[in-house]
Amino acid sequence: MNIKNLQAKPIGIFDSGIGGLTVVRALMKRLPHENIVYFGDTARVPYGPKSPQVIREYAAQDTDFLMKHNVKMIVVACNTVSAVALEVVQKHAKVPVIGVIVPGAKAAVESTKKKRIGVIGTVGTINSNAYTNAIRQFDETATVISQSCPLFVPLAEEGLIDHKATEIIAREYLFPLKLKKIDTLVLGCTHYPILEKTIRSVFESGIILIDSGEATAEEVEHVLIANDLRNPSTLKANIQFFVSDIPYRFTEIGERFLGQKLGRVRRAEGFF
Ligand code: DGL
């Protein structure tokens, strides 16, 4: 294949559901001319509370779906999959693969002044210790305090952004991290950037929030350049959305995560 055709191929991104659209948003902002194929496994979301074995099986199927769309690289937007099944994706994909954990960990180490980093995520992500291990790879002297925040996922999907219920739950989850005097907090789940304001309000003295999606978009750019895969086109990118189910209120929730109109969303025929 000639290099121009290769560079014009889309970037494949997948997530357990709609949350990964926060990563698509970050990518579209940073790399506006890259074509994208997004797959959200909306029929089987959430992955967060599931066993690593099941998540690995799902991750392999999600990867195979994107490979059928002829993608030039794969971005694993889901923190839970990045934490427990990245090597499965690497094995199934015949293209470069990036997860969100390492870019998020790196950005946190670069930002912290006190070397006291908090990490929040799903039960699967936190139990895997993937963020802690990645942070320690960059700085073995950093203190890492982790906390799973499972209720943040339905709260974000329900749109309870500036809501009392979210404030109360955020305080409950995050107060222990505040007491431990972290100065940087990794939002280690696709849904959490939506709740940024409420999360920030728990920490009166200011806190640096790391959006793993944004850190990943930066890393995607580096990988594209390093592999000579960057699309030189200046045309409007073609963004395709596929999901394994189109659930109730999908468009409304999806547009909140993407931060703009979604356009056409297709069911991934023959996925199961
Ligand atoms: N996308 C998942 C993550 O970032 C959150 C939703 C889920 O539990 O599937 O970990």
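Just above sits the structure.
This section reports on the structure supplied with the text. (Residues numbered from 1 in each chain as written. Predicted model: local features only at pLDDT ≥ 70, side-chain atom pairs only at ≥ 80, totals over all residues. Heavy atoms only, no water.)

A separate point is the packing of aromatic side chains. Two aromatic rings, taken as a pair, are described by how far apart their centres are and by the angle between their planes. Applying the stated criterion across every chain yields a total of nine aromatic pairs. Residues Tyr-47 and Tyr-58 carry aromatic rings whose centres are separated by 5.3 Å and whose planes lie at 50° to one another, so their mutual orientation is tilted. With Tyr-47 in the loop between strand S2 (36–40) and helix H3 (52–68) and Tyr-58 in helix H3, this pair connects stretches of sequence that are eleven residues apart. Taken together through their ring pairs, the aromatic side chains of Phe-39, Phe-65, Phe-242, Phe-271 and Phe-272 make up a single cluster. Of note, Arg-44 hangs over the ring of Tyr-58, and the distance from its end group to the ring centre comes to 3.7 Å. (Phe/Tyr/Trp six-rings, centres within 6.5 Å; stacked < 30°, edge-to-face > 60°. Helix = DSSP H or I, 4+ residues; strand = E, 2+ residues; numbered from the N terminus. Lys NZ or Arg CZ within 6 Å of the ring centre and 35° of its normal.)

Further remarks concern the sheet that holds strand S4 (residues 97–99). The pairing of strands in a sheet comes from backbone hydrogen bonds and takes either a parallel or an antiparallel form. Taken in spatial order, the six strands line up as S4-S3-S1-S2-S9-S10 in an open sheet, and their pairing is parallel. Of all strands in the sheet, those with a lone pairing partner are S4 and strand S10 (265–267), marking the two edges. When the angles between neighbouring strand axes are averaged without regard to direction, this sheet yields 20°. Of the pairings in the sheet, the one linking S2 to strand S9 (residues 239–243) comprises five bridges and is parallel in character. Among the inter-strand pairings, Ile-36 is bridged to a residue of S9, identified as Ile-239. (Pairing = 2+ DSSP bridges. Axes fitted to C-alpha atoms, helices over the stretch in contact; angles between N-to-C directions.)

Here the focus is the site of the ligand. Lining the immediate environment of the ligand, one finds 13 residues, of which Asp-15, Ser-16, Tyr-47, Gly-48 and Thr-80 sit closest. In this structure, a nitrogen atom belonging to the ligand sits 2.8 Å away from a side-chain N or O atom of Asp-15. Between an oxygen atom of the ligand and a side-chain N or O atom of Thr-80, the distance comes to 2.6 Å. Look at the ligand: alone it shows 300 Å² of surface, and the protein chains cover 99% of it. (Near = heavy atom within 4 Å. Polar contact = N/O pair within 3.5 Å; in protein donor to acceptor, adjacent residues only side chain to side chain. Areas by Shrake-Rupley, 256 points an atom, 1.4 Å probe, with all protein chains shown as cover.)

Let us now look at the pattern of salt bridges. Tallied over the entire structure, the rule returns 15 salt bridges. For Glu-34, the salt bridge goes to Lys-72, with nearest N and O atoms at 2.6 Å. Taken together, the residues Glu-34 in the loop between helix H2 (21–30) and S2 and Lys-72 in the loop between H3 and strand S3 (73–76) connect sequence positions 38 residues apart. Classification of Lys-72 as buried rests on a relative accessible area of 3%. For the salt bridge of Arg-249 with Glu-252, the shortest nitrogen-to-oxygen distance reads 3.3 Å. Owing to a relative accessible area of 28%, Arg-249 belongs among the partly exposed residues under this scheme. When salt bridges with common partners are traced through the structure, they connect Glu-158, Arg-249, Glu-252 and Arg-256 into a single cluster. (Salt bridge = Lys/Arg side-chain N within 4 Å of Asp/Glu carboxyl O. Buried < 20%, exposed > 50% of the residue type's maximum accessible area, 1.4 Å probe, protein only.)

The strand order across the open sheet built from four strands is S6-S5-S7-S8, with neighbouring strands paired in parallel fashion. Sheet topology places strand S6 (143–148) and strand S8 (208–211) at the edges, where each strand pairs with a single neighbour. With direction set aside, neighbouring strand axes in the sheet form an average angle of 20°. Strand direction decides the pairing type here: strand S7 (residues 184–188) and S8, joined by four bridges, are parallel. Residue pairing for S8: Val-186 is matched across the bridge by Ile-210.

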